[in-house]
Structures are given as C-alpha cells and as structure tokens.
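# Residue-level structural notes
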Amino acid sequence: MTIEVTIRNAENGSNLNMELEPHTTIEDIIEGAAEFWHKEAGAYVLRRGKKLLKGQSTVMDAGLKNEDVLELIPDPEGG
Amino acid sequence: MAQPGGDDRWDRSRRLGWIDVDSVLESHCLVVGAGALGNETVKNLALSGVGKVTLVDMDHVELSNLNRCLFFSDRDASGKAAKADVVAQGAMRLSSHCEVLPFVSRIEETDLDWTGFDVVFGCLDNIKARLHLNSHSRHHRVPYVDAGTDGSRGKIQVVRREGPCLQCSMNRSHYQVLERRFSCTAGDFTYYEPPMAAEVTTTATMAAMQVKEGLKILSGREDGCIRDVMFYDAMSNESLVLELDIDEDCPNHGM
Ligand SMILES: [Zn+2]
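In what follows, the accompanying structure is described. For every chain, the first residue of the written sequence is number 1, and numbering continues from 1 along that sequence. Written order decides the labels, with chains lettered from A and ligands numbered from 1. A pLDDT threshold of at least 70 governs which residues receive local features in this predicted model, and a stricter bar of 80 or more applies before side-chain atom pairs are shown or counted, although totals over entire chains, interfaces and linings include all residues. Here the side-chain values reflect all heavy atoms present in the structure, with hydrogen atoms and water set aside.

### Some remarks on the overall build of chain A
Secondary structure follows DSSP: runs of H or I at least 4 residues long count as helices, runs of E at least 2 residues long count as strands, and numbering of each begins at the N terminus. Across its full length, chain A carries one helix and five strands. Along chain A, helices and strands appear, N-terminal first, in the series β-β-α-β-β-β. The C-alpha extent of chain A, read off along each of the three principal axes, is 40 × 20 × 20 Å. Type-normalised accessible area, obtained with a 1.4 Å probe on protein chains alone, sets the label of each residue: buried when under 20%, exposed when over 50%, and partly exposed for intermediate values. When the 79 residues of chain A are sorted by exposure, 57% land in the buried category. Counting contacts in chain A only where the partners sit at least 6 residues apart, residues at least 24 apart contribute 59% of the total. Under the convention used here, a 1.4 Å probe and the Shrake-Rupley method define accessible areas, while residue burial counts only the protein chains that appear. Accessible surface, chain A: about 3,800 Å² in total, of which carbon and sulfur atoms supply 48%. Charged-residue counts in this description rest on Lys and Arg as positive and Asp and Glu as negative, His and the chain ends being excluded. Taken as the charge location is NZ of Lys, CZ of Arg, CG of Asp or CD of Glu. Considering chain A, the positive charge centre built from 8 side chains and the negative charge centre built from 15 side chains are found 11 Å apart. Note on contacts: a residue pair is in contact if any heavy atoms of the two residues lie within 4.5 Å.

### Let's talk about the packing of helix α3 (residues 36-48) of chain B against helix α8 (residues 200-218) of chain B
Residues and elements named next belong to chain B. Where α3 contacts α8, the two axes come as close as 8 Å, and the packing angle between them is 45°. In terms of their interaxial angle, α3 and α8 are classed as oblique. Note that α3 runs across α8; the crossing there is right-handed. Here Ala36, Leu37, Glu40, Thr41, Asn44, Leu45 and Ser48 of α3 lie close against α8, whose contacting residues are Val200, Thr203, Ala204, Met206, Ala207, Ala208, Gln210, Val211 and Leu215. Axes here refer to lines fitted to C-alpha atoms; in helices the fit is confined to the stretch in contact. Angles between the N-to-C directions go from 0 to 180 degrees. Put simply, angles under 35 degrees are roughly parallel, angles over 145 are roughly antiparallel, angles from 65 to 115 are roughly perpendicular, and the rest are oblique. Helix crossings are classified by the rotation of the near helix relative to the far one: an anticlockwise turn of less than a right angle makes the crossing left-handed, while a clockwise turn makes it right-handed.

### Some remarks on the pattern of salt bridges
Here a salt bridge means any side-chain nitrogen of Lys or Arg lying within 4 Å of a carboxyl oxygen belonging to Asp or Glu. Per the stated rule, a full pass over the model turns up 25 salt bridges over all chains. In this structure, Asp11 of chain B engages Arg12 of chain B in a salt bridge whose closest nitrogen and oxygen atoms are separated by 2.5 Å. We classify Arg12 of chain B as partly exposed; its relative accessible area is 45%. The structure contains a network of salt bridges with shared partners spanning Glu27, Asp28 and Glu31 of chain A together with Arg172 of chain B.

### Remarks on helix α6 (residues 127-139) of chain B
Residues and elements named next belong to chain B. In a helix, the anticipated span is given by 1.5 Å times the number of residues less one. Between the first and last C-alpha of α6 there are 18 Å, a value that for 13 residues agrees with the 18 Å anticipated at 1.5 Å per step. Every buried residue of α6 is accounted for by Ile127, Ala129, Arg130, Leu131, His132, Leu133, Asn134, Ser137 and Arg138. Where α6 is buried, its residues contact β1 (28-32), β4 (119-122), β5 (144-150), β6 (153-159) and α7 (172-175). We call two N or O atoms a polar contact when they sit within 3.5 Å, provided that within protein one can donate a hydrogen and the other can accept it, with sequence-adjacent residues counted only if both atoms are side-chain atoms. Residue Asn126 occupies the N-cap position of α6, its side-chain oxygen lying 3.3 Å from the main-chain nitrogen of Lys128. Residue Arg141 follows α6 closely and has a positive phi angle near 55°.

### Examining the coordination of the zinc ion
Residue and element names in this part refer to chain B. In the first shell of the zinc ion, the protein supplies Cys165 (SG), Cys168 (SG), Cys250 (SG) and His253 (NE2), at 2.1 to 2.3 Å from the metal. Of note is the zinc ion, whose four donor atoms meet at the metal with angles of 90 to 125° in an arrangement that counts as tetrahedral. We note that the donor set of the zinc ion lies within a single chain, spaced as C-x2-C-x81-C-x2-H. You can see Cys168 sitting in the loop between β6 and α7 and its partner Cys250 sitting in the segment after β8 (238-242), a full 82 residues away along the chain. In terms of burial, Cys168 and Cys250 fall into one category: buried. Sodium, potassium and calcium take a 3.2 Å donor cutoff, other metals 2.8 Å, and in both cases only N, O and S atoms count; water is not among them, so sites may look incomplete. Tetrahedral means four donors with every angle between 85 and 135 degrees, whereas square planar (four donors) and octahedral (six donors) require angles over 155 degrees between opposite donors and between 65 and 115 for all others; sites fitting neither are termed irregular.

### Details of the nonpolar core
Generally speaking, a soluble globular protein has its nonpolar side chains buried in company with each other. Residues and elements named next belong to chain B. Ranked by size, the top nonpolar core spans 45 residues in total, and within it Val31, Leu45, Val53, Leu55, Val100 and Ile156 carry the most contacts. Per element, the largest residue contribution to this core is six residues, and it comes from α8. Other than its neighbours up to four places away in sequence, Val100 contacts Val42, Val53, Leu55, Ala88, Ala91 and Met92. Take the buried Ala, Val, Leu, Ile, Met, Phe, Trp, Tyr and Cys residues and link them wherever side-chain atoms come within 4.5 Å; each set so joined is a nonpolar core. Grouped together as the second largest cluster of nonpolar side chains are 32 residues, Leu30, Leu112, Val159 and Cys250 included.

### Digging into the pairing of β6 of chain B
All names here are of chain B. The buried fraction of β6 is high, at seven of seven residues. Alternating positions in β6 separate into two faces, Arg153, Lys155, Gln157 and Val159 on one and Gly154, Ile156 and Val158 on the other, with burial throughout. One bridge is not enough; two strands pair if DSSP finds at least two bridges between them. Relative to β6, β5 is paired through seven bridges, and the arrangement is antiparallel. Bridge pairing links Thr149 to Gly154 in β6. Linkage of β5 to β6, two consecutive antiparallel strands, is achieved through a turn of two residues, within which Gly151 is found at a positive phi near 60°. Across five bridges, β6 lies against strand β7 (residues 229-233) in antiparallel orientation. Bridge pairing in β7 links Gln157 to Val229.

### Side note on the environment of Gln176 of chain B
Summarising the element assignment, Gln176 of chain B is placed in the loop between α7 and α8. The class of Gln176 of chain B is exposed, set by a relative accessible area of 55%. A polar side-chain atom of Gln176 of chain B sits 3.2 Å from a polar atom in the side chain of Glu31 of chain A.

### Structural notes on the sheet that holds strand β4 (residues 51-52) of chain A
What links the strands of a sheet is backbone hydrogen bonding, and the strands pair in either a parallel or an antiparallel sense. The strand order across the open sheet formed by five strands is β2-β1-β5-β3-β4 (chain A), and the pairing between neighbours is mixed. The outermost strands of the open sheet, each flanked by one partner alone, are β2 (15-20) and β4 of chain A.

Structure, rendered in structure tokens:
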C-alpha cells in the first residue's frame, strides 16, 4: 500500500508531497526530491524527527507512515 | 599586582573544571587537512594545550585561501608553500608546548603509526579521504571527529570507539560525488566548478565545535559528545543533532 509523505527542503523551507511504495528506499526519496528541486549533484541526507535515515532502508524498514514529514538536508563536505 | 595563576599558562583552562588539562597536555592528535578547518582546528588544539599534533595535507597555499585561513599569508601563496608546513610553523609559534609534525602528502599515501593517536580530526574536502580516515580510525579504535562546511552550513560527526561510523551515515548521493573535492587547488581529482563558497566565520565555528568534542574525549567526557551528527545553519541560527543507527551492511563493524 502506498503512503504519502511531505519532504521539506532544509535550504529554502519549501515542501513537496511524495507518494511512496513500501519498497521505495530512502536513497530513492533523496534522489527524487533533489531532482524535483533541481539541486546540484552533492551529498544529502534525510531525517525524520531526530533520526537520520539510513540510505538503503525501504519505506517499510524505516517505518514511514502516511503524513510523515521528512527533511532533506545538504551534507556539507567542504574543508 | 599579578593575578592568581597568572604565571600558569593553563590556569584558565584548569578553572573550567571539566577539562583534564594533564591528559590534554600529554595527548597526541592526528589532524588531516590543513585548509580552512585545519588552520582553525590546529590553532584550537595548540591553544588548548595538546602536546603533539600530526598534520597531513598534500596541498599548497593559494591566494583564494586567504579569506579564511589564519596562518596563511600572501607570501605563502606566491611561494606555493605547503599548507601543512605553514600551519605547523604557525601553531608552534602560538604554543611552545605543542609539537606539530607536518606530512605533505595524501592521507591515503601517508605511512602513520596509528597506535599513538588519542583523537583523529577530519578537516577534509572530499568523501573518499573521509572514508579512508573513518575506516582506519575504526580499525585502530581511535575516536574520530569529522567536520565539513559549505558556505554558511556545517556538520560535525563524532565517531566513537563503539557505535555508528561515518560510512553508516552515507547513502548513494555521497558515493556519486566520492572523489570530488569540495575545494580545489591541485591534484588529479575531478574538480568542483564553480568553487564552493567558504568564509571564516563558519569554518571557525565548526572547527571550534570539533575541537570541543575532541577535548571532551581527551578529558573522559565522551558521554557529553554529540550523538551522533550535528548540522548547523548559520543563516537560520539552527543546529540539529541527529541520531544514527549502525548500518548492518557497513564494513567497519563487527571486526
Ligand atoms: Zn559504519
């Protein structure tokens, strides 16, 4: 069964609604959101609440639920 | 009239109470990267009393580094001085107690004796080198404090002897830019164009937080460290500490 979640863009506060299948991975969500917002290639992470979500986890593994709000955060890699 | 403790270089540090000054004075830290973060991190370590720092960086100073690197000068840029050498000399001028051993090479090609390090600090600009440092720190069971910046954003991750490591926090988006350097002066990496925005207030903030975490570890206060990753945004004044699980597929665990 699909669920609908909101992805928040940490860089500008805008939101995106995404419909997800149980087997969709966190990495798929990151790529989909980055593509939607035309983000430059770069490292990103996704959080739910105080938890940083593992890239290979599926929607099911991560226990994502309908109406969850996730945040896409750029992972700064400069020195 | 002289103030109490005025003739003890570490008097004000001792007054903090939580810092184990004697452990810090005897400690040996590895810092990899002598760019903007590395300048600030080594400065903070030297002023905090760390006895010995091994510093690794393969790069030379460029004029565009001078908006954020306190030890670099125009002369270093025109003379293409090695960053590690310049930072080592500068830090030893700040503290006669601190010995800084510079290695002008890539971390992947540097033969180090890992048994002597108390804390490792990552001040790097690419994910490949970070993963190298992460796996070696895990293997040798040395705590690793990684920092990263991008413009007004920054990140600190504390990799303890147990618990999740840097690789556990990574996903496909990291591996797609694995070898890209996020600042560029030399080398055979794929360059990032245009160069990333960077300024001293963000790098100085992140380096201060990074060294604070290191001082907690050196002082036996590991329980007070960031668990596990902190993201900072200077423009919104927000910082966010996120927990992370060990990735059961991560090769750095169960050894
Ligand atoms: Zn790991």
